[in-house]
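Now for the letters of each chain:
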Number of protein chains: 8
Amino acid sequence: MLLKQDKKLLFIGDSVTDCDRAKPHGEGLFQALGNGYVSIVDAFLQSSYPELGIRVVNKGISGNTVRDLKERWTEDVIEQNPDWVSIMIGINDVWRQYDSPLMKEIHVYIDEYKETLTQLVETTKSSAENIILMTPFYIEPNKSDAMRHTMDQYGAEVKKIAEEHGCIFVNTQEAFNEVMKSLYPANIAWDRVHPNTTGHTVLAKAFLRAVEFDWHR
Amino acid sequence: MLLKQDKKLLFIGDSVTDCDRAKPHGEGLFQALGNGYVSIVDAFLQSSYPELGIRVVNKGISGNTVRDLKERWTEDVIEQNPDWVSIMIGINDVWRQYDSPLMKEIHVYIDEYKETLTQLVETTKSSAENIILMTPFYIEPNKSDAMRHTMDQYGAEVKKIAEEHGCIFVNTQEAFNEVMKSLYPANIAWDRVHPNTTGHTVLAKAFLRAVEFDWHR
Amino acid sequence: MLLKQDKKLLFIGDSVTDCDRAKPHGEGLFQALGNGYVSIVDAFLQSSYPELGIRVVNKGISGNTVRDLKERWTEDVIEQNPDWVSIMIGINDVWRQYDSPLMKEIHVYIDEYKETLTQLVETTKSSAENIILMTPFYIEPNKSDAMRHTMDQYGAEVKKIAEEHGCIFVNTQEAFNEVMKSLYPANIAWDRVHPNTTGHTVLAKAFLRAVEFDWHR
Amino acid sequence: MLLKQDKKLLFIGDSVTDCDRAKPHGEGLFQALGNGYVSIVDAFLQSSYPELGIRVVNKGISGNTVRDLKERWTEDVIEQNPDWVSIMIGINDVWRQYDSPLMKEIHVYIDEYKETLTQLVETTKSSAENIILMTPFYIEPNKSDAMRHTMDQYGAEVKKIAEEHGCIFVNTQEAFNEVMKSLYPANIAWDRVHPNTTGHTVLAKAFLRAVEFDWHR
Amino acid sequence: MLLKQDKKLLFIGDSVTDCDRAKPHGEGLFQALGNGYVSIVDAFLQSSYPELGIRVVNKGISGNTVRDLKERWTEDVIEQNPDWVSIMIGINDVWRQYDSPLMKEIHVYIDEYKETLTQLVETTKSSAENIILMTPFYIEPNKSDAMRHTMDQYGAEVKKIAEEHGCIFVNTQEAFNEVMKSLYPANIAWDRVHPNTTGHTVLAKAFLRAVEFDWHR
Amino acid sequence: MLLKQDKKLLFIGDSVTDCDRAKPHGEGLFQALGNGYVSIVDAFLQSSYPELGIRVVNKGISGNTVRDLKERWTEDVIEQNPDWVSIMIGINDVWRQYDSPLMKEIHVYIDEYKETLTQLVETTKSSAENIILMTPFYIEPNKSDAMRHTMDQYGAEVKKIAEEHGCIFVNTQEAFNEVMKSLYPANIAWDRVHPNTTGHTVLAKAFLRAVEFDWHR
Amino acid sequence: MLLKQDKKLLFIGDSVTDCDRAKPHGEGLFQALGNGYVSIVDAFLQSSYPELGIRVVNKGISGNTVRDLKERWTEDVIEQNPDWVSIMIGINDVWRQYDSPLMKEIHVYIDEYKETLTQLVETTKSSAENIILMTPFYIEPNKSDAMRHTMDQYGAEVKKIAEEHGCIFVNTQEAFNEVMKSLYPANIAWDRVHPNTTGHTVLAKAFLRAVEFDWHR
Amino acid sequence: MLLKQDKKLLFIGDSVTDCDRAKPHGEGLFQALGNGYVSIVDAFLQSSYPELGIRVVNKGISGNTVRDLKERWTEDVIEQNPDWVSIMIGINDVWRQYDSPLMKEIHVYIDEYKETLTQLVETTKSSAENIILMTPFYIEPNKSDAMRHTMDQYGAEVKKIAEEHGCIFVNTQEAFNEVMKSLYPANIAWDRVHPNTTGHTVLAKAFLRAVEFDWHR
């Protein structure tokens with residue numbers, strides 16, 4: 001597995017990452033990592049590699065866009081000194097364009113998204129050993145759906161940034177596409193965004209595969 | 001307008017009709033009609049035709065399918081002696097097939113749906129002067145979407161039953177299709193089922209037009 | 001209709017406008033506009049003219065008098081850059097004189113009312129395209145009732161200000177007078193001030209007529 | 001004073017009597033008599049005539065009409081063996097005709113009111129030494145107001161019954177009329193029905209005068 | 001009656017005065033005067049002399065001693081510009097010596113009590129027309145009881161101060177002594193300090209008599 | 001110590017025994033014994049004689065009189081098969097005579113008290129090895145106080161019954177008298193009945209001494 | 001994988017299985033399977049084999065022993081018609097012997113445990129295709145610890161029953177032993193019984209391995 | 001007994017000391033000392049030596065380590081001017097190393113522990129007459145258990161500091177070891193740290209013996 005002894009792995013993102021994690025620290029006793037994919041990833045790391053002592057921190061905040069991440073990046077990422085940083089952002093950047101179309105000042109369009117995410121990656125590269133970029137996603141199988149279409153464009157930007165900066169890339173949309181061959185979206189997330197445990201497991205598995213987790217330990 | 005002096009108009013259906021109405025009576029002081037389309041219809045009837053004294057009752061219950069309506073029809077409809085009965089049912093009949101596909105015993109497939117709804121209409125015709133049948137709907141513009149496709153089939157059955165039994169017919173799906181030309185579904189209902197006030201107003205307008213409400217009073 | 005493509009319409013007032021709207025923004029998802037006439041107006045605008053993208057904001061605060069509006073006018077109106085501003089104020093200015101007659105320092109008498117409202121209108125005219133002035137009202141049919149009499153005097157001032165400054169004028173008292181021919185006050189508002197949905201629909205219809213809303217769309 | 005050593009005085013009525021009294025007993029420690037006129041009457045009896053040991057019980061229930069009293073009369077009055085019974089009923093009998101005009105089955109019209117109240121008085125006369133009849137009231141000074149007018153008719157029936165059956169009569173409407181010469185209704189009760197402490201003191205004083213309470217003890 | 005047209009009467013004291021009054025204003029709608037003797041006094045003034053417009057304010061705060069009153073005297077008394085000021089303080093000054101004997105720094109002994117109360121009276125005399133001094137009390141009939149004995153000493157100081165400064169004097173202890181001839185303390189106050197409605201009526205009557213209230217209005 | 005290996009000790013009484021114990025069992029995990037003297041007694045037994053395995057059960061119920069104990073004696077005592085039964089009852093039997101003097105039907109006078117308690121002791125003697133009778137008490141040092149005087153009479157009956165039936169006798173009043181030489185009642189119990197932890201420790205010590213508990217283990 | 005198309009898998013047990021699952025059905029929307037190992041197993045089955053449609057039901061109830069399972073076996077297992085039944089019971093059977101040693105009537109000793117579990121397995125074999133027996137566990141590494149020792153004995157019985165009846169066997173204690181080589185118990189469960197997400201993942205992995213789940217799908 | 005007339009005894013520590021005591025003062029009416037060993041110690045001092053007037057203050061705060069005590073020592077100890085100071089700290093210093101092994105920055109290792117505690121003792125010696133040092137403890141009988149082993153090392157440091165500085169020493173671990181001969185840990189504390197009343201009584205007895213409390217008073 002890519003994660004080694006005593007490393008610190010920090011997750012940051014929006015409500016899909018947050019999942020009611022403890023504020024402000026995002027780690028500790030009593031379900032402090034929330035009840036989403038971060039908690040599942042941690043539980044597999046701790047139970048399969050208990051000897052490695054990999055420390056997981058969750059800094060997701062519900063409703064965040066990449067613009068919000070930028071504002072709190074120094075405090076919530078840089079000052080935490082993580083060895084690994086995993087970023088999944090963009091859902092709200094897109095969603096607000098579709099559920100609140102008239103409030104244009106809270107929309108984060110693709111140019112700002114791309115530029116800001118690039119900037120965060122560059123800022124982080126010098127201090128963190130590894131960066132993992134997870135695409136945003138929309139649990140909607142129809143590629144012609146307007147919001148799915150936009151989300152795919154944002155995901156494509158994430159892929160480009162990952163390639164250009166040597167980040168590990170996790171294509172969450174593709175992972176959901178796979179299960180959507182058999183499962184209707186309402187079976188994973190009533191609003192097509194906030195997954196149930198099945199959906200969070202899709203995310204956790206995609207993440208763990210990207211870090212070459214050994215399932216047979 | 002079709003509704004005349006001193007008539008009693010009873011609405012029955014699922015959560016879209018219920019909207020937190022007072023249980024068990026479904027009428028009275030203090031927002032007893034809930035906060036959905038039933039309340040809007042009532043408010044327009046009372047404010048535009050205050051002299052008519054049209055009495056509105058809401059008997060919607062969240063989660064109901066047509067199978068549930070059948071069980072409570074005698075108590076909640078027949079024994080209320082309404083002059084008008086408006087029925088909007090079928091969303092959960094379809095939705096459970098998509099969000100809980102493995103629990104087949106709670107699915108209401110189209111044959112049972114059609115048969116049961118027909119039976120309710122026939123039971124009611126002798127006592128109530130008028131029956132209004134509103135289609136179920138799905139706030140999803142893509143006709144190829146699996147659940148939308150099924151919902152359209154259920155809606156087609158409603159139309160047939162209305163025609164065969166001389167009921168007033170309200171095509172709610174069509175009404176939503178119209179606004180969906182400009183508004184993305186997430187702007188009306190996060191889960192594409194439970195509408196915000198804009199969506200409930202779409203329903204109320206479709207209803208009021210069907211009863212030839214005069215907007216200029 | 002007078003409201004055109006992409007315009008921003010801001011409502012300000014007291015509890016009748018507030019109706020539990022989201023603080024401080026007064027717009028957004030999840031019933032942020034409250035559950036009164038502002039929400040009904042918005043729902044009709046969005047459902048009948050979805051292509052226009054008219055943005056509605058609710059800045060009502062319960063208990064406010066015109067003196068309170070003055071204090072927050074810069075932040076809550078001017079800095080919001082609305083194209084349209086709708087003001088309904090005065091109920092508490094009058095009511096406190098009748099329910100708390102001994103606390104004279106919280107009464108806003110007619111001279112201060114007139115002067116302050118005029119000042120707010122003048123301040124706003126340069127930036128907003130249109131101002132709508134709605135009278136305060138009292139759901140009491142007896143014109144000789146002391147409080148109704150005073151309220152009528154305040155309403156008359158609103159009319160004068162509207163005429164002098166070219167504002168659109170909405171006579172809410174007259175709208176209520178019309179329905180009170182058939183409905184007793186307790187059927188609209190137990191305290192003759194805070195309307196039920198029927199009463200809020202009376203207000204919304206009066207507003208929509210004033211902006212030449214087309215009910216047949 | 002008319003009330004003598006060791007007598008038991010039972011009050012019955014609607015929400016004006018109830019005032020959050022302890023259910024079901026309506027007496028005992030910890031504000032068990034509620035916070036309305038019954039509690040004030042009791043406090044004056046206990047503090048001015050502590051040696052008499054007059055036992056006060058409150059059996060008011062919010063929302064009750066005379067039809068409701070009839071149903072619970074055996075259990076809540078006769079079986080309590082009171083020496084004195086004070087009845088104030090009728091407000092809801094009238095109010096529902098005005099705030100819920102379409103729900104005619106819950107209205108108690110004047111013939112039923114008169115007949116039922118008479119019947120209760122007659123039933124009680126054999127066991128209780130004294131019956132006090134208090135009129136219902138409406139804190140509205142305008143005698144031409146429709147609901148005030150109806151309430152006055154009900155009050156007139158109470159007076160007649162009192163005279164015919166030798167009951168002590170308390171004209172609560174007249175007591176309120178007196179203070180309404182100086183106080184506007186909203187200063188006593190926002191909904192013109194549920195009095196504040198000033199209003200309950202008006203009731204308590206009217207009651208105490210009727211039983212020839214000595215204020216100078 | 002001694003209180004004349006348009007006068008403002010301010011009460012200050014501890015929990016017996018406070019009784020859950022609205023903070024910070026201590027006047028206004030909705031039981032703002034609390035549910036103790038202040039509210040009863042107000043209700044009698046408003047209902048018997050409605051034409052006088054006497055304004056009552058309650059500035060009691062639970063747990064206060066005379067030392068606490070001193071700290072807030074400017075803000076809570078002087079700046080309110082009352083015409084009449086009624087002070088009842090001292091219960092906690094004494095009680096803490098008996099229920100928390102080891103926490104000597106929160107005890108207010110008799111010299112400090114006398115000196116501070118005198119100072120407050122002198123400060124107030126120039127601005128307020130009348131000052132009413134009510135003794136503290138202990139609902140314990142046994143004069144040899146240690147705490148009752150101390151309370152009597154504090155009450156004696158109040159009497160002296162009233163005489164020396166021409167204040168109206170209300171002997172609350174004596175008023176309770178009278179009813180204690182017939183009622184055991186537990187029937188008025190479980191802890192012998194916080195009275196039930198009967199006990200608050202004892203206080204209100206003593207106050208009203210001191211201001212020559214006419215009970216027959 | 002008198003309590004031997006594996007014995008079951010059941011306490012029964014009123015609120016002083018109850019102290020928020022778990023209902024209905026009165027034993028088990030998580031403070032099931034409540035927070036009064038029963039819990040202190042148990043904690044000393046378990047910590048000083050852990051090897052004895054003495055099982056403690058709390059069957060106190062707030063507000064109970066001896067009349068209430070009688071009604072539930074079979075279920076709550078006999079069917080529990082205790083080896084030891086400790087009874088402390090009588091406070092409410094007396095208190096209601098003083099705080100609710102007019103509700104005579106809930107008073108338990110001394111003849112009924114004596115007779116009922118005797119009957120309970122006799123019923124229990126055949127099955128339980130030992131019975132402990134604790135007197136009721138009143139934390140009032142003045143023997144001339146009316147309620148203290150009555151309580152002493154009830155305590156004297158307990159003593160007599162204990163002597164006649166060979167029960168272990170615990171004089172709780174005497175135990176409180178001892179500490180009242182130094183502590184004022186309000187320092188132990190605001191209402192002179194419900195003790196703080198100091199007061200419950202007085203009770204627990206008196207109990208433990210009666211069963212010859214060895215403090216030096 | 002051993003689980004095939006359209007099979008129904010029912011879990012039953014105590015609080016470790018329950019984990020706040022929906023009562024009474026134990027399946028459906030909104031985290032109805034609780035937040036423990038059952039939910040993790042389901043999420044892996046749904047996300048890795050979405051096409052199989054395996055239906056998972058959770059019938060765990062907190063605090064249950066095998067004696068409790070027996071009482072509800074017909075209703076909660078047999079009448080559910082599961083194809084697979086997974087049983088994990090015994091923790092409370094043992095724990096009560098250690099945390100409530102004196103309440104012997106709620107202890108389930110090893111003979112009753114063995115006999116009852118055998119009986120449940122035999123009852124179920126005719127209707128369910130497969131039975132999975134999971135051992136109870138204690139997250140305590142010291143084999144000499146009294147409770148761990150007893151738990152191991154109960155686990156050994158489970159193993160024997162599984163072998164004798166051809167059930168799939170899951171040794172949860174062994175799975176925990178493995179991670180306890182690196183993790184101290186307090187890092188998995190504060191009370192050594194109720195696991196955090198890491199502990200539940202240990203259980204889920206042990207289960208999934210027993211049914212030959214393919215981790216690479 | 002070592003504690004003399006009018007002395008002030010202050011306890012400080014973590015959650016075992018805190019036990020829901022009143023914040024910030026930690027003394028006064030209404031269970032202000034919490035419900036743990038501090039409250040039991042106080043209750044025995046007050047009930048057995050009521051004439052001494054020993055004042056007890058509880059300054060425990062849940063979760064504290066010796067590092068936290070240092071930060072608040074001036075405010076919470078020195079400025080309180082206690083005559084006696086009792087310190088029990090170290091449980092969290094050790095526990096976090098075992099339940100949160102990866103969060104090394106919140107661990108307080110033995111060198112820092114020893115040094116800081118020494119410093120607090122030295123700071124306090126000049127002002128307080130007596131210091132009592134209580135060891136931290138772990139309710140685990142197995143001395144080879146890793147956390148128990150560490151806790152014993154911390155306890156040994158406490159003993160050394162007590163000897164070097166002439167403090168009274170209380171060996172709480174030894175006191176628990178004694179009862180653990182008969183009681184399994186789960187019978188005293190589910191998490192082996194937070195004791196039930198039996199466990200707190202173990203602590204209180206150890207403390208009282210150290211100050212030569214006379215159990216026979």
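Residues numbered from 1 in each chain as written. Chains lettered and ligands numbered in written order. Predicted model: local features only at pLDDT ≥ 70, side-chain atom pairs only at ≥ 80, totals over all residues. Heavy atoms only, no water.

1. Observations regarding the overall build of chain A
The line we're drawing: Only runs of H or I of at least four residues qualify as helices and only runs of E of at least two qualify as strands under DSSP, and these elements are numbered from the N terminus. Think of it in three bands: residues with accessible area under 20% of the maximum for their type are buried, residues over 50% are exposed, and the middle band is partly exposed, with areas taken using a 1.4 Å probe on protein chains only. Residues count as neighbours in contact if any of their non-hydrogen atoms are within 4.5 Å of one another. Each accessible area is a Shrake-Rupley result for a 1.4 Å probe, and residues are judged covered by the shown protein chains and nothing else.
Within chain A, the secondary structure is distributed over eight helices and five strands. Helices (α) and strands (β) of chain A occur, in sequence order from the N terminus, as β-α-α-β-α-β-α-α-β-α-β-α-α. With respect to the three principal axes, the spread of C-alpha positions in chain A is 50 × 40 × 35 Å. The buried share of chain A, reckoned over its 217 residues, is 65%. Of all intrachain contacts in chain A linking residues separated by at least 6 positions in sequence, the fraction that spans at least 24 positions is 77%. Total accessible area computed for chain A in this model is approximately 7900 Å², and 48% of it derives from carbon and sulfur atoms.

2. Digging into the relation of the copies chain D and chain C
The criterion, for reference: C-alpha atoms of residues with pLDDT of at least 70 in both copies form the basis for the least-squares superposition of the copies.
The two copies are related by a screw motion: chain D maps onto chain C through a turn of 180° and a shift of 0.0 Å along the axis, at an RMSD of 0.0 Å. Both copies of the chain, as the preceding transformation shows, are related through a two-fold rotation axis. Using C-alpha coordinates, one finds that chain D approaches the rotation axis most closely at D:Asp191, a distance of 2.2 Å.

3. Quick notes on the arrangement of the chains
Separating chain A from chain D is a minimum C-alpha gap of 39 Å, and the two share no contact. Structurally, chain A and chain F remain out of contact, their C-alpha atoms never closer than 20 Å.

4. Considerations on the interface of chain D and chain C
Cut-off, in case you're wondering: What gets called buried area is simply the loss in accessible area from a 1.4 Å probe that two parts show on being joined, summed for both. Here, a salt bridge means any side-chain nitrogen of Lys or Arg that lies within 4 Å of a carboxyl oxygen of Asp or Glu. Any N or O atom pair separated by 3.5 Å or less is treated as a polar contact, with the protein-specific requirement of one donor-capable and one acceptor-capable atom, and with residues adjacent in sequence counted only for side-chain atom pairs. Just so you know the grouping, Ala, Val, Leu, Ile, Met, Phe, Trp, Tyr, Cys and Pro go in nonpolar, Asp, Glu, Lys and Arg go in charged, and all remaining residues, Gly too, go in polar.
Listed by partner, the interface residues are 18 residues for chain D and 18 residues for chain C. For the pair chain D and chain C, the two sides together bury roughly 1500 Å², of which 52% comes from carbon and sulfur. Taken together, chain D and chain C are joined by two salt bridges. Taking the shortest distance from any N to any O, the salt bridge between D:Arg192 and C:Glu140 comes out at 3.3 Å. Where chain D meets chain C, there are 10 residue pairs in polar contact (both at pLDDT 80 or more). Contributions of two or more residues to the side of chain D that touches chain C are made by α4 (91-99) and α6 (146-165) of chain D. Counting residues per element, the side of chain D that touches chain C draws most heavily on α4(D), at four residues. Of the residues assigned to the side of chain D that touches chain C, the class counts are nine nonpolar, three polar and six charged.

5. Re helix α8 (residues 197-210) of chain B
All names here are of chain B. As a reminder of what qualifies: Expected span of a helix: the number of residues minus one, times 1.5 Å.
The end-to-end C-alpha distance of α8, which contains 14 residues, comes to 20 Å, matching closely the 20 Å that a straight helix rising 1.5 Å per residue would cover. Burial within α8 is extensive, with 12 of its 14 residues counted as buried. What α8 keeps buried is the set Thr197, Thr198, Gly199, His200, Thr201, Val202, Leu203, Ala204, Lys205, Ala206, Phe207 and Leu208. For α8, the capping residue at the N-terminal end is Asn196, with a side-chain oxygen 3.2 Å from the backbone nitrogen of Thr198.

6. Examining the UniProt feature "domain: SGNH hydrolase-type esterase" (unreviewed entry) in chain A
Heads up, the condition is: UniProt positions are given in the numbering used here, feature names are shortened, and annotations may be inferred rather than shown by experiment.
The positions UniProt marks with the feature "domain: SGNH hydrolase-type esterase" (unreviewed entry) are residues 11-201 of chain A. Across residues 11-201 of chain A, helical content stands at 45% and strand content at 10%; the span's end C-alpha atoms are separated by 16 Å.

7. Focus: the sheet that holds strand β5 (residues 168-170) of chain G
Backbone-to-backbone hydrogen bonds join strands into a sheet, with any given pair of strands oriented parallel or antiparallel. All names here are of chain G. The condition is simple: Any two strands are treated as partners once DSSP identifies two or more bridges connecting them. To define axes, lines are fitted to C-alpha atoms, for helices over the stretch in contact only, and angles between the resulting N-to-C directions are given on a 0 to 180 degree scale.
Taken in spatial order, the five strands make up an open sheet running β2-β1-β3-β4-β5, and their pairing is parallel. Only two strands of the sheet have a single partner each, and these edge strands are β2 (55-58) and β5. Neighbour-to-neighbour, the strand axes of the sheet open up by a mean angle of 15°, direction not taken into account. Across five bridges, the pairing between strand β1 (residues 8-13) and strand β3 (residues 84-88) is parallel. If you follow Leu10 over to β3, its bridge partner there is Val85. Set on the sheet, helix α6 (residues 146-165) makes contact with β4 (130-134) and β5; between it and β4 the angle comes to about 160°.

8. Some points on the pairing of strand β4 (residues 130-134) of chain D
All names here are of chain D. Rules: Crossovers are marked right-handed if the path from the first strand over the helix to the second runs clockwise, as seen with the strands pointing away from the viewer.
When you tally the buried positions in β4, you get four out of five residues, the bulk of the element. Here strand β3 (residues 84-88) pairs with β4 via five bridges, running parallel. By the bridge assignment for β4, Trp84 is matched with Asn130. Inspection of the sheet shows β4 paired to strand β5 (residues 168-170) by three bridges, in the parallel sense. When the sheet's bridge partners are listed, Ile132 is paired in β5 with Ile168. Viewed along the sheet, the connection from β4 through α6 into β5 turns out right-handed.

9. Considering the sheet that holds strand β4 (residues 130-134) of chain H
Residues and elements named next belong to chain H. In spatial order, the strands read β2-β1-β3-β4-β5; together these five strands make up an open sheet with parallel pairing. Where the open sheet ends on each side, the last strands, each with one partner, are β2 (55-58) and β5 (168-170). When strand polarity is set aside, the average angle formed by the axes of neighbouring strands in this sheet is 15°. Across the sheet, helix α8 (residues 197-210) lies against β1 (8-13), β3 (84-88), β4 and β5, angled at about 155° from β5, the strand it touches most.

10. A look at the confidence of the model for chain A
Put simply, the rule reads: Each residue gets a pLDDT score, which is the predictor's confidence in that residue and runs from 0 to 100.
In the predicted model, chain A carries a mean pLDDT of 97, and the fraction of residues at 70 or more is 100%. Of the two predicted TM-score estimates for the complex, the pTM is 0.95 and the ipTM is 0.95.

11. As for the packing of aromatic side chains
For any pair of aromatic rings, the description consists of the separation of the ring centres together with the inter-plane angle of the planes. Using the following cut-off: For this analysis, a ring pair means two rings from Phe, Tyr or Trp (six-membered ring only for Trp) whose centres lie within 6.5 Å, classed as stacked if their planes differ by under 30 degrees, edge-to-face if by over 60, and tilted for the remaining angles.
Within this structure, the stated rule accounts for 104 aromatic pairs over all chains. With a centroid separation of 5.5 Å and an interplanar angle of 70°, the aromatic rings of B:Tyr49 and B:Phe213 are classed as edge-to-face. In this pair, B:Tyr49 sits in the loop between α2 (37-48) and β2 (55-58) while B:Phe213 sits in the segment after α8, placing the two residues 164 residues apart along the sequence. Through successive ring pairs, a cluster of aromatic residues spans A:Phe44, A:Tyr49, A:Phe213, A:Trp215, G:Phe44, G:Tyr49, G:Phe213 and G:Trp215.

12. Section: the packing of helix α4 (residues 91-99) of chain C against helix α6 (residues 146-165) of chain C
All names here are of chain C. Stated formally: Angle categories are assigned with fixed cut-offs, so that under 35 degrees is roughly parallel, over 145 is roughly antiparallel, 65 to 115 is roughly perpendicular, and the rest are oblique. Crossings are assigned a handedness: left-handed for a near helix turned anticlockwise from the far helix by less than a right angle, right-handed for a clockwise turn.
Remark: α4 packs on α6, axes separated minimally by 10 Å, with the N-to-C direction vectors making an angle of 150°. Classed by the angle they form, the pair α4 and α6 counts as roughly antiparallel. Pair α4 / α6 crosses with right-handed handedness. Contact with α4, carried on its side by Ile91, Asp93, Val94, Trp95, Gln97 and Tyr98, involves Ala146, Met147, Thr150, Met151 and Tyr154 of α6 and no other residues of that element. Within the contact of α4 with α6, the residues separate by chemical class into eight nonpolar, two polar and one charged.

13. Overview of the pattern of salt bridges
A full pass over the atoms with the stated rule returns 104 salt bridges over all chains. A salt bridge links H:Glu105 to A:Arg55, with the shortest nitrogen-to-oxygen separation between them at 2.6 Å. With H:Glu105 in the loop between α4 (91-99) and α5 (110-125) and A:Arg55 in strand β2 (residues 55-58), the pair connects residues from two separate chains. The exposure class assigned to A:Arg55 is buried, which follows from its relative accessible area of 11%. E:Arg96 serves as the salt-bridge partner of E:Asp99, at 3.0 Å between the closest nitrogen and oxygen.

14. Quick notes on the nonpolar core
Basically, it comes down to this: Remark: nonpolar core denotes a set of buried residues (Ala, Val, Leu, Ile, Met, Phe, Trp, Tyr, Cys) joined through side-chain atoms within 4.5 Å.
In terms of nonpolar packing, the biggest core is built from 146 residues, with D:Leu45, D:Ile87, E:Leu45 and E:Ile87 touching the most fellow members. Residue contacts for D:Ile87: discarding those within four places in its chain leaves D:Ile12, D:Leu69, D:Trp73, D:Leu117, D:Ile131, D:Ile132, D:Leu133 and D:Met134.

15. Brief notes about the relation of the copies chain G and chain A
Two chain copies here: they are related by a rotation about an axis and a translation along the same axis. At an RMSD of 0.0 Å, chain G and chain A line up after a rotation of 180° and a shift of 0.0 Å along the axis. Comparing contact sets, 100% of the residues at the interface of chain G also lie at the interface in chain A, consistent with an isologous, same-surface contact.

16. What to know about the side chain of F:Ser39
As for its position among the elements, F:Ser39 is in helix α2 (residues 37-48). Taking relative accessible area as the criterion, F:Ser39 reaches 4% and is therefore assigned buried. Excluding anything up to four places from it in sequence, F:Ser39 contacts F:Gln31, F:Leu33, F:Gly34 and H:Thr197.

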